[in-house]
Structure formats: structure tokens, C-alpha cells
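# Observations on chain architecture
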Amino acid sequence: MNLLGRLSIRCASPRVVSGLRQRRSLHSNVVETLRERNFIHSVTSDDIANRLQKPVAIYCGVDPTADSLHLGNMVALMGLLHFHLAGHQALPLVGNATGMIGDPSGRSSERVALGQSTLARNVAGIEAQLERFFRRGTEYAARRMPSLDPESLKPVRVLHNADWYQNMNILTFLGHIGRYVRVGAMVARDSVKSRLQSSQGISFTEFSYQLLQAYDFWYLYHHHGCRVQLGGSDQWGNITAGTDLIHRMPFSSTLDETGVTSEDNGAAAAKANGDDDGAFGITIPLLTTASGEKFGKSAGNAIWLDEKRTSAFDVYQFFVKTADADVERLLKMFTLLPLSRIEQVMLAHSEAPERFTAQKLLAAEVTELVHGLSGLQRALCATSVLFGDQLSPIQRFSAQDFADTFAHDQRMVSIPAADIDGKSISDIAVLLGSCKSKAAAARLVSSGGLYWNNEPVVNKAWKPVAGTGDFIGQGTIGIMRTGKTNYRILRLLSHP
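All residue numbers refer to position in the chain's written sequence, counted from 1. For a predicted model such as this one, the threshold for reporting local features is a pLDDT of at least 70, and the threshold for listing and counting side-chain atom pairs is 80 or more; totals across whole chains, interfaces and linings nevertheless cover every residue. Note that the side-chain values use all heavy atoms of the structure and ignore hydrogens as well as water.

### What about the overall build of the chain?
To be explicit about the condition: Comment: elements are numbered from the N terminus, with helices defined as DSSP H or I runs of at least four residues and strands as E runs of at least two. With a 1.4 Å probe rolled over the protein chains alone, any residue whose accessible area is under 20% of its type maximum counts as buried; one over 50% counts as exposed, and the rest are partly exposed. Working rule for contacts: check all heavy atoms of both residues, and any pair within 4.5 Å makes them a contact. All accessible-area figures derive from a Shrake-Rupley calculation using a 1.4 Å probe, and residue coverage is judged against the displayed protein chains alone.
Broken down by element type, the chain carries 18 helices and 14 strands. The buried share among the 496 residues of the chain stands at 50%. In the chain, once contacts between residues fewer than 6 apart in sequence are set aside, the share between residues at least 24 apart is 78%. Per element, the accessible surface of the chain, about 22300 Å² overall, is 50% carbon and sulfur.

### Concerning the environment of Asn161
Tracing the backbone shows Asn161 in the loop between β5 (157-160) and α5 (170-176). In this structure, the C-alpha to C-alpha distance between Asn161 and Gly99, residues 62 residues apart in sequence, is 9.6 Å. Those residues in contact with Asn161, other than ones at most four positions away along the chain, are Leu93, Val94, Gly95, Asn96, Ala97, Thr98 and Asp216.

### Some words on a nonpolar patch on the surface
Rules: A patch consists of residues exposed above 30% relative accessible area that lack any salt bridge, with like charges linked at up to 9 Å and nonpolar side chains (Val, Leu, Ile, Met, Phe, Trp, Tyr) linked at up to 5 Å. Salt bridge, as used here, is a side-chain nitrogen of Lys or Arg placed within 4 Å of a carboxyl oxygen of Asp or Glu.
Taken together, the side chains of Ile170, Leu171 and Leu174 define a hydrophobic patch exposed on the protein surface, amounting to about 290 Å² of accessible area. Within the fold, Ile170 resides in helix α5.

### With respect to the confidence of the model for the chain
Fine structural detail should not be taken from predicted coordinates in areas where pLDDT scores are low. The following threshold applies: In predicted models, pLDDT denotes the confidence assigned by the predictor to each residue on a 0 to 100 scale.
Confidence in the prediction for the chain averages 85 pLDDT; 84% of positions are at 70 or higher. Taken as a whole, residues 257-275 scores under 50 in pLDDT and shows 31 contacts with residues more than four places along the chain or in a different chain.

### A word on the sheet that holds strand β11 (residues 450-452)
Threshold: Whether two strands pair depends on DSSP finding at least two bridges between them.
A sheet is described by the order of its strands in space; here five strands give the open sequence β10-β14-β13-β11-β12, paired in mixed fashion. Each having just a single partner strand, β10 (412-416) and β12 (455-456) make up the two edges of the open sheet. Where β11 lies against strand β13 (residues 477-482), three bridges are found, and the strand directions are antiparallel. From the neighbouring strand, Tyr451 faces β13, where its bridge partner is Arg481.

### Notes on unusual backbone geometry
Despite not being glycine, Asn38 has its phi angle at roughly 65°, a positive value. Tracing the sequence through the fold places Asn38 in the loop between α1 (30-36) and β2 (42-43). Residue Asn454 is not a glycine yet carries a positive backbone phi of 70°. Relative to the helices and strands, Asn454 resides in the loop between β11 and β12.

As C-alpha cells, then:
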């Protein structure tokens with residue numbers, strides 16, 4: 001019987017995200033950098049700082065429980081990005097094997113099993129997203145770090161753990177791997193103890209999860225020279241299970257893809273080069289807000305990194321609304337801004353908190369990191385339209401910016417320019433659906449409740465002229481607002 005059951009999983013080979021490598025002077029002090037930015041919760045050994053004086057491979061895994069990552073996942077990915085930018089080999093691991101089981105860590109109930117098509121879709125989505133994250137993260141860093149040479153960084157490699165499980169049967173797994181794991185240690189781990197004490201209990205499937213993650217680390221250690229695993233603080237038990245297996249299970253027990261014992265050439269080479277000096281784990285604090293809520297949730301919904309699920313505008317707005325008590329911590333963890341710059345921003349923020357200077361900087365940095373410069377432009381454009389942001393007035397945006405920002409938004413109405421010739425602002429209000437009648441529009445004008453391009457309309461008979469200063473975006477965009485939040489964007493189309 002195949003260890004993964006009869007489910008056939010199609011696995012891509014390791015992907016090279018970009019041919020990147022950085023100057024060797026940046027190899028050192030990564031742990032100190034992470035400590036200064038409050039990234040480190042625990043390490044398996046204080047000797048890790050000395051080990052990282054020279055480049056190593058480091059991995060961080062994510063299971064494909066959805067087709068997109070969310071802000072909670074981004075915390076660990078930011079840690080991995082720091083290692084990548086410091087010249088180390090980053091190995092993001094997609095758990096397309098372990099994702100079929102589900103990690104019990106931090107959960108009070110068992111995950112619903114994923115179907116084959118759902119799993120395949122999720123794996124494809126997350127793989128593409130990981131590639132985008134590290135590509136955009138490197139571009140983002142290069143714009144802020146003059147000493148960074150993007151062309152000299154090591155290529156990020158996205159791996160899949162089904163590559164080493166799909167042809168392994170259950171007898172091979174238990175006979176060659178399971179014999180090196182002690183049940184007492186497995187039961188003693190917090191993720192297991194908490195579930196054993198609950199009314200739901202824990203299934204053997206979930207109980208075995210830590211053994212699979214442990215073998216992931218063992219496999220990467222011997223086949224990819226990986227010496228460090230990075231994960232959230234709830235992963236401590238799984239990470240230490242991996243370091244323990246690496247210490248217990250000898251090189252001669254290496255299994256090839258058919259489950260046959262073979263010599264570990266990667267481990268032998270590392271040992272010959274003096275690199276066989278232990279495996280390490282680093283855990284990152286699980287972020288919560290100052291109010292104790294799980295970070296990355298908004299009204300009960302996750303903030304996704306896929307723009308199809310959470311727009312760049314919504315990511316920007318999520319961080320703009322960050323509480324004062326949280327903003328400095330998030331600036332350290334979710335941006336690459338120098339700590340001296342963050343200190344200056346927080347000082348300015350303390351003197352005028354009503355300006356939300358720190359929150360706006362945080363929102364802009366994260367949006368650019370996740371969605372690129374074009375995504376930030378869309379977010380700023382939408383913010384300017386919907387909230388009249390003085391830092392990004394609507395006049396600064398082009399017609400194309402508006403078209404890109406509101407391409408799939410029903411609030412944008414495209415009309416031939418000829419159709420508004422000679423029409424009053426009251427006529428346009430009815431045409432856009434902002435008002436039911438010209439009389440209703442006139443009443444809004446009289447009460448000061450009708451706005452055009454964020455300025456109050458004072459004359460109900462005023463006739464905006466296309467191609468003039470009455471419109472923005474090269475004379476083709478008009479923004480009508482009634483009340484505080486009812487917007488319509490008029491986009492004038494030229495004749496073909």
C-alpha cells in the first residue's frame with residue numbers, strides 16, 4: 001500500500017524563483033537582526049548564531065489547506081526572506097503530502113480531509129504565490145537596500161514533500177523511520193497533550209503528523225544540506241521532533257525514492273566539508289493584536305495574500321487601521337525599513353497620532369511588498385477616491401490607474417463622452433445611479449451632500465465639460481459621492 005493511499009499527486013520539480021545571490025558580507029548577524037525585530041521566540045541551540053556565520057540552507061513549510069496564504073503565514077515567510085536576503089539558501093516547502101493529514105498544532109478539532117482536485121488546486125496556488133512573494137520581496141528590498149545585489153543571491157527553491165513520500169509504502173516508513181522515534185516523546189508534546197485532554201481527542205492520523213514533519217527535516221538535511229527549520233511557536237514540538245530524528249537516524253538509513261536503503265552522498269559531502277555540525281530550529285512568535293485577537297483576521301475573515309481573495313486596497317486598509325499599540329511591532333516584522341527609520345516614524349507618530357503617519361507607512365510598505373508597486377498604486381488610488389486621502393490626492397492618478405483599480409468594481413460606469421455633453425451635474429447623478437431623480441440630486445446639492453471629485457457641488461445646474469479641469473485622469477474621470485460612502489466613478493470613453 002502506498003503511504004499516501006491511492007491518491008495520485010502530481011508534483012512539480014523544485015522551481016527556481018530567481019537567479020539571485022547577495023554579497024557575502026551579509027551572511028552574518030541574521031539571528032541578531034531577527035532578534036532586534038522581535039522575530040525569535042525560541043531556538044533549539046544558542047550555537048545557531050555561530051553556525052549562520054557562513055551560508056546554510058533553511059526551510060519553512062506550509063500545508064496547502066487553502067489555495068492562498070494569509071497574513072499569519074507571512075510572518076514566517078518574512079523570517080525566511082531575511083535569510084534569503086542575507087545570502088542563505090531559502091527552501092519554502094509545500095506540504096502536499098502532510099496537507100492530506102493536517103497538523104494538530106494549535107487546533108481543537110481535526111481538519112476536514114482534502115479531496116484530490118482541491119489539494120492539487122491549493123498546491124498550484126500556493127506554489128505560484130511563494131514564487132511571487134520572494135520575487136517581489138527581493139525587488140522591494142533592492143529599492144531600500146543600496147548594498148543589495150539581487151543578481152548575487154542564491155535562488156529560492158520551492159519544494160514539495162510528496163516527492164519523497166509518494167513511492168514509499170507504509171512498511172518501509174515504519175521499518176526504516178518509525179523505529180527511531182519514541183512514543184513517549186510524541187505523547188509529551190503540547191500539541192498532542194492538549195488534544196488528548198480534550199473531548200475530541202486525537203486520531204492516529206494527526207498523531208503521526210509530527211513524524212512526517214520530522215522526516216521532512218531529516219530528508220532536507222541529507223538531500224539539500226538544510227541545517228535550519230523555521231516555523232511558528234506552535235511548531236516547536238514538530239521542529240524538535242525533526243532535530244531528534246536527525247540525531248537518531250544514521251546516514252546509512254537514507255531511503256531513495258523507491259524506499260531502498262542507500263548511501264547519503266549529500267550528508268557525506270557535508271561531513272567531508274566540515275558542515276555536518278548539527279540541525280537547528282527557530283520559532284517565531286504567533287502574532288496577536290494588543291487586544292489579544294489572532295493577527296490577520298478581519299471581522300472573522302482571513303486577510304489573504306492572493307489579490308483575487310483580498311484586494312491590494314483591502315490589505316492597505318487593514319494595516320491603516322492598526323492600533324497604536326501594535327504599529328511599531330508590525331513595522332519591524334512586516335517591513336525591511338531600518339530600525340532607525342522606524343524609531344523616527346514612531347516619534348513623529350507620538351507627537352501627532354491623529355495623522356496616522358506610522359499606520360500609513362506600514363500599510364504602504366506591506367502592500368508594496370505583497371502586491372508590488374502596481375498593487376500599491378491601485379490601493380492608493382482607491383483610498384484617495386473612497387476616503388479623500390490628502391497624502392494621495394485623486395488628481396495625481398492617471399486614467400489608467402482608475403481603470404486598473406476599479407476594473408471589476410460595479411461602482412465604475414463607462415459612458416461615451418458624447419453622452420454627457422450639455423448635461424448638468426444633476427443629470428449625471430441620475431445617469432450614474434447616485435440619485436433616483438434630478439429633484440433628489442437638487443436637494444442633495446442644496447444640503448451640501450453631493451460631491452464631485454471630492455469637492456462639494458454648489459450649483460445643481462452646473463455642466464461639467466469633458467476634457468477640461470472639470471474631470472481628472474486626463475479629463476476623462478469624474479468621481480461622484482453622495483453622503484459619506486456612496487461613490488460612483490464616471491469613466492468617459494472616446495469615440496472609436
